[in-house]
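Summary of the model geometry
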Amino acid sequence: MAIRGTGGSAAARRRRDGWLYLSLTSTGMAGAVWVSWRFGLPVAATVMALLPTVGGIYLSWATFRNTSVTHYAAGPDLAAAADWLATEVRGQWAAELAARRVTVPYALAVSWCPAEGAALSEPWELIQRTARGWPGGPPGNPEDWAQEPAGLAGRDGEITDVFLRLIPTRRLTVLGEPGSGKTVLLIRLLLGLVEARAEGGPVPVLLPLASWDPATLPFGEWLAQQLARDYPMLGRAEAVPDGRDASARALTEAGLVLPLLDGFDELPPRTRALALDGINEALPPGQAVVLSSRRDAYLDTAGSVGRLPVRLATAAAVELCPLGRQTVADYLVRGTGDLEGTAEARWRPVLEQFDGPARSPVAAALSTPLMLSLATAVYNSRPGEDLTALPDPAELCDRARLPERRDVERHLLGASVPAAYRPHPRRSCRWSTRTAVRTLRFLAAHLCRLDGGSTDLAWWRLRSAVPRRLVAHTTGVLLGLVSWTTALLAAYVRTSLTGDTHLWWVVGAPSALIAGMAAGLACDVSAAMTAGTTSTAASTLAFWIVDPAQAGPRFPSDYVPVGGLAFGFAAGLIGSLVGARTARSCNSSHTAAPWSWDWGMCLRGLAAGLALWFPCAWLGAVTAWSVALVNAAVYATAGGLLGSAASRPDTYLPAPATRLRWSFDPRVIAVGLAAGPAFGMALLLMDYPAAVLAGGQYSLVDGPTSYVLYSALDGLGLGLAAAVRARPADAATASAPGFLLRQDRATFRHLVLLTAPFAGLALAAPNALAVLITGDPFSSFLVPPDGTHILSPLPPAARSGAYCLALAVCGLAVGLAAAISRTACWPYTLTRVYLAVRHNLPFHLTEFLADAHGRRSVLRQAGAVYQFRHLELQHHLTQPADAASRQSPAQRTGEPTAANVAAPETDNGRS
């Protein structure tokens, strides 16, 4: 279901009218030129008459756009959006509850009681009085309210009734130890609230607080951003400020989102008080909310000494109770379905630890649902599995190796991953235990380094694990090869039409310029220099193989590839300017840094200009040094002046995208049009000093006008390609990260197919204009056509059209660059290859993550990202392995234990 405001249909009509307007205008101008040519009228005069109308055409379009702004309004549409969101939330968390296997062998029933301590909860009288004084009256029936906090005690599914009926303000703080079941209880509460909500009512949404920085982002802004990220369909906004989260913001402001905030203790201690204060300030009277936290972390904030304590305003507090002996025994023994008493005999030493006057380490550890579920996964067999191959749970009672509760918990956490990947009787595992442990350890360490300790494992953010230079230079090599390959087609067509077999300035320099422009658009100037060098090196190698005599005397094969540095730098600077402007336009959070002289870019420009000495060395020392020094001075100055404007933040990582849209940004196109002629003048400095000093025997094109014309149109092509954007991913991706990747790949293909023609038309436009004006774009060529080529018999118009079409194919590199800069699949592909080669991770990393979530229950899913099943597991995996210090006697004698029972190592573990 599409979520939009009252202007949604108007936005669709405006887009349709805009495309119709563009089509009619383009068709009319092309028709006028054709009529002039067809009936012998002055074509040049017609073109000159049409050019001044371009400004008026844009002004008309801008006026039409500004009078058709879409506005989002509350009302029935927001109610429908809330109903849609409720459906998505129900499906997402019902599937997540099943993926976490909390119902295997059956769902544990957790209980809670009122939290003890005045610092943890507001006085009950104040909570009741506040609820009665809220605008519109209390949210529930006062006769159903609990008369005192003791009435809030409950068990399992009663949490929904406690929240809706017994708590006057419907604000609740859930406290508990690590692994006590706080998150699972919040999921059950969420599902219960979704079933109980009225049509058009508030929607409960579970959000992890670990991703919030309250020092820099207000709670309301963060809440809207999280909704737009996890449910991107809420980001379908048109012509509104910060439109990415417009619908999400409208829902939160209308009070149609009930936030269930999980993991308050995962915030840094210094920001917890600020976070509670921000939540209290953002929530209006009558707004329900639930917060979960470890008891100690919340108490340190709410009962602090030496500063003003802060707690969740007018909220009741409950604390999860430890599991009792009978609950633990039933889950460990009766949950296996064993009727012969074998399971009871295996667990008897452990259960006996519950009977002493003091709680033993294993009894204390198994009192939480997390550790109890890990124990069953490690020591209980699956249907059809040989029980004798499993470790003996009696090792948990070894006080010599596991003297403290924390040691038992670390042991279970360490054994949980091998247990999840041991051979299954009914389905095989593609990855060995060693591969799984290595991969999960790397991912946990990556999250520890990311943003100072993130919990969200997003496949598109794994790019930060790869050296940035490696991604840039690999992209440059790809675009250089693509540019050279497409230039070969244009070279072949030109040879067919002119007979000129000396194709260096067709394949070498032009392809290097296109490659540099594309790499600058996709990455930066360094990648552009790599692309230019790759293209010229490929051209030199090809000419050397085909005709060494022709390639050597005039263009030495050892020298020409170095000249690609200059071609790549000059073109890459223009592409980087457009790319940086586009990145800032697409991402409002990435603002332009203050201007400063860029010494690094200045030195690159100096090196690129001096590199022109090598291609010109055959003209003599004076000519070569003149060309090199003039260009070095110009490039160094341009790099220093424009380097800061052409740079993108190191933290900029394209997010997954889908659904293309046209976003005409005059600033981006203006950058392309302004930089284009400047780029043409730079090419003049690259060519004409050599031509003058060499007595006119060294020339790239026939006149300076061609340089400026080609470059201006190339800049226009870049601007038009940059105007094609991608919308946020579809809402279905909130519950399927793999589907998100497939959508992003489809968007990549569509971007290439849509943006490549823009750049190709810009490259072919000068020759097309020459056809319209002179009727023969090859009249200036001195070499007569070779009649042996297959294109020679074609009529002049067909031959000219074939050449223009061949030139248009060269825009493929720019189309690829536009797709690379707006999607996440290409960097992710490089990341997978790098991690597989450098860190020996699975190459099919997406399938590994889906398996770890869906079958192994090692990961959980929150919106479009994965998280480790528990923060304790993530922290445990970041610690260096120290198996020797935790070895049990059984391990030293070779008997099966939880640490050494694993799937046999196989070659397919690295798939």
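What counts, and at which threshold
Residues numbered from 1 in each chain as written. Predicted model: local features only at pLDDT ≥ 70, side-chain atom pairs only at ≥ 80, totals over all residues. Heavy atoms only, no water. Pairing = 2+ DSSP bridges. Helix = DSSP H or I, 4+ residues; strand = E, 2+ residues; numbered from the N terminus. Contact = heavy atoms within 4.5 Å. Axes fitted to C-alpha atoms, helices over the stretch in contact; angles between N-to-C directions. Salt bridge = Lys/Arg side-chain N within 4 Å of Asp/Glu carboxyl O. Core = buried A, V, L, I, M, F, W, Y, C linked by side-chain atoms within 4.5 Å. Buried < 20%, exposed > 50% of the residue type's maximum accessible area, 1.4 Å probe, protein only. Arc of directions from axis to C-beta. Phe/Tyr/Trp six-rings, centres within 6.5 Å; stacked < 30°, edge-to-face > 60°. Lys NZ or Arg CZ within 6 Å of the ring centre and 35° of its normal. pLDDT = per-residue confidence, 0-100. Patch = residues over 30% accessible without salt bridge, like charges linked within 9 Å, V, L, I, M, F, W, Y side chains within 5 Å. Areas by Shrake-Rupley, 256 points an atom, 1.4 Å probe, with all protein chains shown as cover. Expected span 1.5 Å × (residues − 1). Polar contact = N/O pair within 3.5 Å; in protein donor to acceptor, adjacent residues only side chain to side chain. Parallel < 35°, antiparallel > 145°, perpendicular 65-115°, else oblique. Right-handed = clockwise from strand over helix to strand, strands pointing away.

Here's the deal with the sheet that holds strand S3 (residues 171-176)
Strand pairing in a sheet relies on backbone hydrogen bonds, with the paired strands running either antiparallel or parallel. Taken in spatial order, the 7 strands make up an open sheet running S2-S1-S7-S3-S6-S5-S4, and their pairing is mixed. Edge strands, defined here as strands with exactly one partner in the open sheet, are strand S2 (154-155) and strand S4 (203-208). With 6 bridges joining them, S3 and strand S6 (residues 289-294) adopt parallel strand pairing. From the neighbouring strand, Arg 171 faces S6, where its bridge partner is Val 289. Here helix H11 (residues 295-302) sits on the sheet and contacts S3, S6 and strand S7 (316-320); the angle it forms with S6, its principal contact strand, is near 110°.

Thoughts on the pattern of salt bridges
Close approach of charged atoms allows side chains of opposite charge to pair. Tallying each qualifying case throughout the model produces 19 salt bridges. The salt bridge involving Asp 524 is made with Arg 469; its shortest N-O contact spans 2.4 Å. Taken as a pair, Asp 524 in the loop between helix H19 (504-522) and helix H20 (525-546) and Arg 469 in helix H18 (residues 468-498) lie far apart in primary sequence, 55 residues in all. Put simply, Glu 177, Asp 265, Arg 294, Arg 405, Arg 406, Glu 409 and Glu 872 are held in one network by salt bridges that share partners.

A look at the nonpolar core
Within the largest apolar cluster, 108 residues are counted, with the highest numbers of intra-cluster contacts made by Leu 332, Trp 347, Leu 366, Leu 412, Tyr 421 and Phe 868. Dropping the residues within four chain positions of it, Leu 332 is found in contact with Trp 347, Leu 351, Leu 366, Leu 372, Ala 375, Thr 376 and Asn 380.

With respect to helix H12 (residues 325-332)
The complete set of buried residues in H12 reads Val 328, Ala 329, Tyr 331 and Leu 332. Buried residues of H12, seen end-on, are gathered within an arc of 165° and therefore sit on one face of the element. If you follow the buried residues of H12, they end up packed against helix H13 (342-351) and helix H15 (369-379).

Quick notes on the packing of aromatic side chains
The tally for this structure, following the rule as stated, stands at 13 aromatic pairs. Consider the rings of Trp 347 and Tyr 379, whose centres lie 5.8 Å apart with planes at 85°: the pair is edge-to-face. Here Tyr 379 lies in helix H15 and Trp 347 lies in helix H13, a separation of 32 residues in the sequence. Tyr 379 carries the same exposure label as Trp 347, and that label is buried. Among the aromatic residues, ring-to-ring pairing joins Trp 212, Phe 219 and Trp 222 into one connected group. Between Arg 832 and the ring centre of Phe 843, over which it is positioned, the NZ or CZ distance is 4.4 Å.

A closer look at unusual backbone geometry
At Thr 314, a position not held by glycine, the phi torsion is positive, near 50°. Among the structural elements, Thr 314 can be located in the loop between H11 and S7. A relative accessible area of 11% places Thr 314 in the buried class. Although it is not a glycine, Ser 857 adopts a positive phi angle of roughly 60°. Along the chain, Ser 857 turns up in the loop between helix H31 (845-854) and strand S10 (859-862).

With respect to the confidence of the model for the protein
For the protein, the mean per-residue pLDDT works out to 77, and 68% of the residues sit at or above 70. The low-confidence segment residues 236-244, where pLDDT is below 50, has 28 contacts with residues more than four positions distant or belonging to other chains. Note that residues 730-734 has pLDDT below 50 and, in this model, 22 contacts with residues that lie over four places away or in other chains.

With respect to a nonpolar patch on the surface
A grouping of Leu 603, Leu 606, Leu 610, Trp 625 and Leu 629 is seen on the molecular surface, where their side chains present a nonpolar patch of about 470 Å² in accessible area. Looking at the nonpolar patch, the elements with two or more residues in it are helix H23 (599-610) and helix H24 (621-642). Tallying contributions element by element places H23 first for the nonpolar patch, with 3 residues. Mapped onto the fold, Leu 610 is located in helix H23.

Observations concerning H23
Under the 1.5 Å per step criterion, the end-to-end length of H23 is 17 Å for 12 residues, consistent within 8% with the ideal 16 Å. If you check which residues of H23 are buried, you get Met 601, Cys 602, Gly 605, Ala 608 and Gly 609. Projection of H23 onto a plane perpendicular to its axis shows the buried side chains occupying an angular sector of 125°, all on one side. Among the exposed residues of H23, those pointing more than 90 degrees away from its buried face are Trp 599 and Leu 603. Put simply, Asp 598 is the residue that caps the front of H23, since its side-chain oxygen is 3.1 Å from the backbone nitrogen of Gly 600.

Some thoughts on the packing of helix H17 (residues 433-449) against H31
Helix packing geometry: the angle between the two helix axes and the distance between the axes. Contact geometry for H17 and H31: axes closest at 12 Å, N-to-C directions at 95°. The angle between the axes of H17 and H31 places the two elements in the roughly perpendicular class. Residue-level contacts link Ala 436, Thr 439, Leu 440 and Leu 443 of H17 to Leu 845, Phe 848 and Leu 849 of H31.

Some thoughts on the pairing of S6
Extensive coverage of S6 is indicated by the burial of 5 of its 6 residues. In terms of strand pairing, strand S5 (residues 257-262) meets S6 through 2 bridges, oriented parallel. Each bridged residue has a counterpart across the sheet, and for Leu 261 the counterpart in S6 is Leu 291. Of the crossover connections in this fold, the one passing from S5 over helix H10 (residues 269-282) to the parallel S6 is right-handed.

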